[in-house]
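Next come the chains, spelled out residue by residue.
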Amino acid sequence: MAIKYEFIKQCKQSGARLGRVHTPHGIIETPTFMPVGTQATVKTMSPEELKALDAQIILSNTYHLFLRPGHEIVKKAGGLHTFMNWDRPILTDSGGFQVFSLSERRKITEEGVEFRSHLNGEKLFISPEKAMEIQNALGPDIMMAFDECPPYPATYEYVKQSTERTSRWAERCLAAHQRKHDQGLFAIVQGGMFEDLRVQSAKDLTSMDFPGYAIGGLSVGEPKHLMYEVLDYTVPHLPFDKPRYLMGVGSPDALVEGSIRGIDMFDCVLPTRIARNGTTMTSQGRLVIRNAKFAEDFGPLDPNCDCYTCKNYSRAYIRHLLKADETFGIRLTTYHNLHFLTRLMKNVREAIMNDCLLDYRDQFFAQYGLLDN
Ligand SMILES: CNc1nc2c(CCNCC3CCCCC3)c3nc(N)[nH]c(=O)c3cc2[nH]1
């Protein structure tokens, strides 16, 4: 079995659960946050630094690697693990979401999606079968079915048609899956913000028996309370003994609230993306280090953080590096943000072990957001 979920315990205070996802490249303690490495690298971080950060699994992407360098080159290199020198688990997204968020002039048909490369405008086409061919070549431990993430807002009729097509595409992905023995294929539940469509999507996909299920179509601009509502009525229709992956979710509050609702895996570009423009996550909330008030602040980014950045460098120094466009500055803020989220998830797992995740949530939110930037 390529992927196996081991349930450990449920938090008596919330719906959260502690588990382990067993993969060919190692075990993932859940709930977990997965750093994103879009183009086969978590920007500015080395594999050794990611291991020091306790990163258990990283994400890469079909769309980006299909365009550049091309999945055939990665395959010739021996697959993504060898190509990027990462011997722990890797998950790749199927590309559907990126086609819609990055490329121009795309056209959806039953067959697949036609689009223009965001790099050189070349006309390209990805079908469920093509997405499987690319991911089979990249060789991640977990791959995602090819889906459409409906825009938000969208009409009931549009979401219904899109969601039913996504279920047919999932069936085609399953049929095209060449490496069931060492790659786990997760299906992606859609259905927009409509309960009956979400339940129908979950039923269709769980009847096809995938090793894991993602909840897609969220974190697309909807209010957070709506995302939590969708989770409340969708998670109960997913199998208890399989991993649940909430796609594209990574703000600290959403990680805690999603864990409370039984989510096991999260990913988001947020920590690495905002680090590049000097926004850092601290226990008191977001801190924009480029702000002039930090010019002579010789304390650490976060006084409650024990990471390499906070133990060795001051806010004044990091601000200077970013203002001077020195790459080392981005490395320091990226390292800290990733440490902040992986530490947060470690605290969430401890709170589940001690049956007090709701208390942890209250204590965390009392602190987070105190900063006025
Ligand atoms: C940010 N919000 C959001 N992201 C979504 C994503 C992308 C999740 N992140 C994957 C990484 C992105 C960078 C490259 C490496 C992979 C979604 N992906 C899919 N397939 N379907 C969604 O409904 C889907 C929905 C999403 N919502």
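Residues numbered from 1 in each chain as written. Predicted model: local features only at pLDDT ≥ 70, side-chain atom pairs only at ≥ 80, totals over all residues. Heavy atoms only, no water.

S.K.: I keep staring at the pattern of salt bridges and nothing clicks. Help me out?
M.R.: In total, this model carries 22 salt bridges according to the counting rule given. Ionic pairing is found between Glu 6 and Arg 20, a salt bridge with its closest N-O pair at 3.0 Å. With Glu 6 in strand S1 (residues 4–10) and Arg 20 in strand S2 (residues 17–23), the pair connects residues that are 14 residues apart, well separated along the chain. By relative accessible area, which is 26% here, Glu 6 ends up partly exposed. Connected via shared salt-bridge partners are Asp 232, Glu 257, Arg 261, Arg 361 and Asp 362. (Salt bridge = Lys/Arg side-chain N within 4 Å of Asp/Glu carboxyl O. Helix = DSSP H or I, 4+ residues; strand = E, 2+ residues; numbered from the N terminus. Buried < 20%, exposed > 50% of the residue type's maximum accessible area, 1.4 Å probe, protein only.)

S.K.: What's the story with the site of the ligand in this structure? I'm lost.
M.R.: In the vicinity of the ligand there are 21 residues, among which Asp 93, Asp 147, Gly 217, Leu 218 and Ser 219 approach most closely. Here Asp 147 contributes a side-chain N or O atom positioned 2.7 Å from a nitrogen atom of the ligand. Those elements that provide at least two residues to the shell around the ligand are strand S5 (58–61) and helix H5 (96–102). Its residues placed into classes, the shell around the ligand shows 8 nonpolar, 10 polar and 3 charged. (Near = heavy atom within 4 Å. Polar contact = N/O pair within 3.5 Å; in protein donor to acceptor, adjacent residues only side chain to side chain. Nonpolar A, V, L, I, M, F, W, Y, C, P; charged D, E, K, R; others polar.)

S.K.: How should the nonpolar core be read in this particular structure?
M.R.: Considering soluble globular proteins, one finds that nonpolar side chains tend to be buried as a cluster. Judged by nonpolar contacts, the single largest core of 93 residues is most densely connected at Leu 50 and Leu 357. Take this core: its biggest share by element is 11 residues, from helix H14 (residues 327–353). Those residues in contact with Leu 357 that lie beyond four places of it in its chain are Cys 11, Gln 13, Ser 14, Ala 16, Ser 259, Ile 260, Val 348, Ala 351 and Ile 352. Counting 18 residues, the second largest nonpolar core, distinct from the first, contains Val 21, Ile 28, Val 36 and Leu 91. (Core = buried A, V, L, I, M, F, W, Y, C linked by side-chain atoms within 4.5 Å. Contact = heavy atoms within 4.5 Å.)

S.K.: Quick question: what am I supposed to make of the side chain of Glu 49 here?
M.R.: Mapped onto the fold, Glu 49 is located in helix H1 (residues 47–52). Side-chain polar atoms of Glu 49 contact the backbone nitrogen of Ser 46, separated by 2.9 Å. Once you skip the residues sitting within four places of it in the chain, Glu 49 turns out to touch Thr 44, Arg 331 and Tyr 335.

S.K.: I would appreciate a short explanation of helix H9 (residues 224–234) in the present structure.
M.R.: In an α-helix there are 3.6 residues to a turn, and that puts residues three or four apart on one side. Buried residues of H9: Leu 226, Met 227, Tyr 228, Val 230, Leu 231, Tyr 233 and Thr 234, and no others. Those residues of H9 that are buried are in contact with strand S11 (184–189), helix H8 (195–206), strand S12 (212–215), strand S13 (244–246) and helix H10 (252–260).

S.K.: I keep staring at the side chain of Asp 147 and nothing clicks. Help me out?
M.R.: The residue Asp 147 is located in the loop between strand S10 (142–144) and helix H7 (156–176) in this model. For the buried Asp 147, which has no salt bridge, the nearest side chain bearing the opposite charge is Arg 198, at an N-O separation of 8.8 Å. At 2.8 Å, the side chain of Asp 147 and the side chain of Gln 190 are in polar contact. (Lys, Arg positive; Asp, Glu negative; His and termini not counted.)

S.K.: Whenever I open this one, the sheet that holds strand S8 (residues 113–116) confuses me. Can you help?
M.R.: Note on sheets: strands pair through backbone hydrogen bonds, and any given pair is parallel or antiparallel. An order of S7-S8-S9 is seen for the 3 strands of this open sheet, with the pairing classed as antiparallel. If you trace the sheet from one side to the other, it starts and ends with strand S7 (104–108) and strand S9 (123–126), each paired once. Put simply, the sheet's adjacent strands are angled 20° from each other on average, direction ignored. Looking at chain direction, S7 and S8 are connected through 3 bridges and run antiparallel. (Pairing = 2+ DSSP bridges. Axes fitted to C-alpha atoms, helices over the stretch in contact; angles between N-to-C directions.)

S.K.: It is not clear to me how the layout of surface pockets should be interpreted in this structure. Could you clarify?
M.R.: Empty space among the atoms can be located by rolling a probe the size of a water molecule over them. By volume, the largest pocket is sized at about 760 Å³. What lines the largest pocket is a set of 33 residues, and nearest its centre among them are Phe 97, Gln 98, Asp 267, Val 269 and Arg 273. Elements supplying a minimum of two residues to the lining of the largest pocket: S5, H5 and helix H11 (270–276). A per-element tally of the lining of the largest pocket places H5 first, with 4 residues. Broken down by class, the residue content of the lining of the largest pocket amounts to 12 nonpolar, 15 polar and 6 charged. Roughly 330 Å³ of volume is contained in the second largest pocket. (1 Å grid on protein atoms, 1.4 Å probe; cavity = no way out; pocket = protein on both sides within 12 Å on 5 of 7 lines; lining within 4 Å. Points joined across faces, edges and corners; volume = space filled by probe spheres on them.)

S.K.: Would you take a moment to explain the confidence of the model for the chain for this structure?
M.R.: The predicted structure's coordinates, where accompanied by low pLDDT, should not be read in detail. Scored by pLDDT, the chain comes out at a mean of 96, with 99% of its residues at no less than 70. Across the assembled chains, the prediction reports ipTM 0.99 with pTM 0.97. (pLDDT = per-residue confidence, 0-100.)

S.K.: Would you mind showing me how to read empty space enclosed by the protein here?
M.R.: Tallying each qualifying case throughout the model produces 1 cavity of 30 Å³ or more. Looking at the largest cavity, its volume works out to about 40 Å³. For the largest cavity, the full set of lining residues is Thr 32, Phe 33, Asp 54, Ala 55, Gln 56, Thr 342, Met 345 and Arg 349. Those elements that place two or more of their residues in the lining of the largest cavity are strand S4 (32–34) and H14. The leading source of residues in the lining of the largest cavity is H14, at 3 residues.

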